[in-house]
Amino acid sequence: MADEALFQFLHSELIQYIYKSGGSGETENGKRVTKLETMGFRVGQGLIERFTKETPRFKDELDIMKFICKDFWTCLFKKQIDNLRTNHQGIYVLQDNSFRLLSQLSAGKQYLEHAPKYLAFTCGLVRGGLSDLGVKSVVTAEVAGMPACKTLWQGCS
């Protein structure tokens, strides 16, 4: 319980620190989101190295995604992904109906514009983990209603 609160607090402080430094504007906001995503990428690489040290090799991308949804997500957020969907052509949609990093924000529509900065680090975590497993990908996230979050993963050839 304490480690979960510490992670949420660290994540919140990281976002505040990144967003307080520098100027304002659309390009600055994009740079900040990229910086958070890059930080998450490196952390995701390191975590996957630790988590898969004793794990046998994965057979295919679907096995990798099942590992991300069950084991990786559980280690990070103390719950599995609520739904994993695929079109069997390299696109996966991971849905978390009560995403912990968004649960601290109010559920009002006015806060939806702030959601991308709270999801950038997590997108980086997933992309970094996949990268370390040998899967090049593009990971994006969207929020239609708080605190639910959909993460779209698309493999790159």
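Under an unreviewed UniProt entry, the protein has the name Trafficking protein particle complex subunit 6B and belongs to Merluccius polli. UniProt's Function (unreviewed entry) comment on the protein is quoted here verbatim: "Component of a transport protein particle (TRAPP) complex that may function in specific stages of inter-organelle traffic. Specifically involved in the early development of neural circuitry, likely by controlling the frequency and amplitude of intracellular calcium transients implicated in the regulation of neuron differentiation and survival." Its UniProt record gives the protein the following Sequence similarities (unreviewed entry) comment, quoted word for word: "Belongs to the TRAPP small subunits family. BET3 subfamily."

Once that is clear, we can look at the packing of aromatic side chains. To describe a pair of aromatic rings, one takes the distance between the centres and the angle between the planes. Counted according to the given criterion, the structure contains seven aromatic pairs. Measuring from ring centre to ring centre gives 5.9 Å for Phe 51 and Phe 72, while their planes differ by 70°; the resulting arrangement is edge-to-face. In this pair, Phe 51 is assigned in helix H2 (residues 26–51) and Phe 72 in helix H3 (residues 61–77), connecting sequence segments 21 residues apart. One cation-aromatic arrangement involves Lys 117 over Tyr 19; the distance from NZ or CZ to the ring centre is 4.7 Å.

Below, the discussion takes up H3. Of all the bends in H3, the greatest, near 35°, is centred on Ile 68. Every buried residue of H3 is accounted for by Ile 64, Met 65, Phe 67, Ile 68, Cys 69, Phe 72, Trp 73, Leu 76 and Phe 77. Note on H3: the residue one or two positions beyond its end, Lys 78, has a positive phi of about 60°.

Time to look at the environment of Leu 76. Residue position: Leu 76 is located in helix H3. The buried category is assigned to Leu 76, whose relative accessible area is 15%. Counting along the chain gives 69 residues from Leu 76 to Phe 7, while the straight-line C-alpha distance between them is 8.8 Å. Contact partners of Leu 76, with chain neighbours within four places excluded, come to Phe 7, Leu 47 and Leu 125.

The subject of this paragraph is the side chain of Asp 96. Relative to the helices and strands, Asp 96 is located in strand E2 (residues 91–96). You can call Asp 96 buried: its relative accessible area is 1%. Of the polar contacts made by the side chain of Asp 96, one reaches the side chain of Trp 73; its length is 2.9 Å. Aside from chain neighbours lying at most four places away, what touches Asp 96 is Trp 73, Lys 79, Ile 81, Asp 82, Pro 147, Ala 148 and Cys 149.

Rules used throughout
- Residues numbered from 1 in each chain as written.
- Predicted model: local features only at pLDDT ≥ 70, side-chain atom pairs only at ≥ 80, totals over all residues.
- Heavy atoms only, no water.
- UniProt positions renumbered as here; feature names shortened; annotations may be inferred.
- Phe/Tyr/Trp six-rings, centres within 6.5 Å; stacked < 30°, edge-to-face > 60°.
- Helix = DSSP H or I, 4+ residues; strand = E, 2+ residues; numbered from the N terminus.
- Lys NZ or Arg CZ within 6 Å of the ring centre and 35° of its normal.
- Bend = angle between axes of the 7 residues up to and from the residue.
- Buried < 20%, exposed > 50% of the residue type's maximum accessible area, 1.4 Å probe, protein only.
- Contact = heavy atoms within 4.5 Å.
- Polar contact = N/O pair within 3.5 Å; in protein donor to acceptor, adjacent residues only side chain to side chain.

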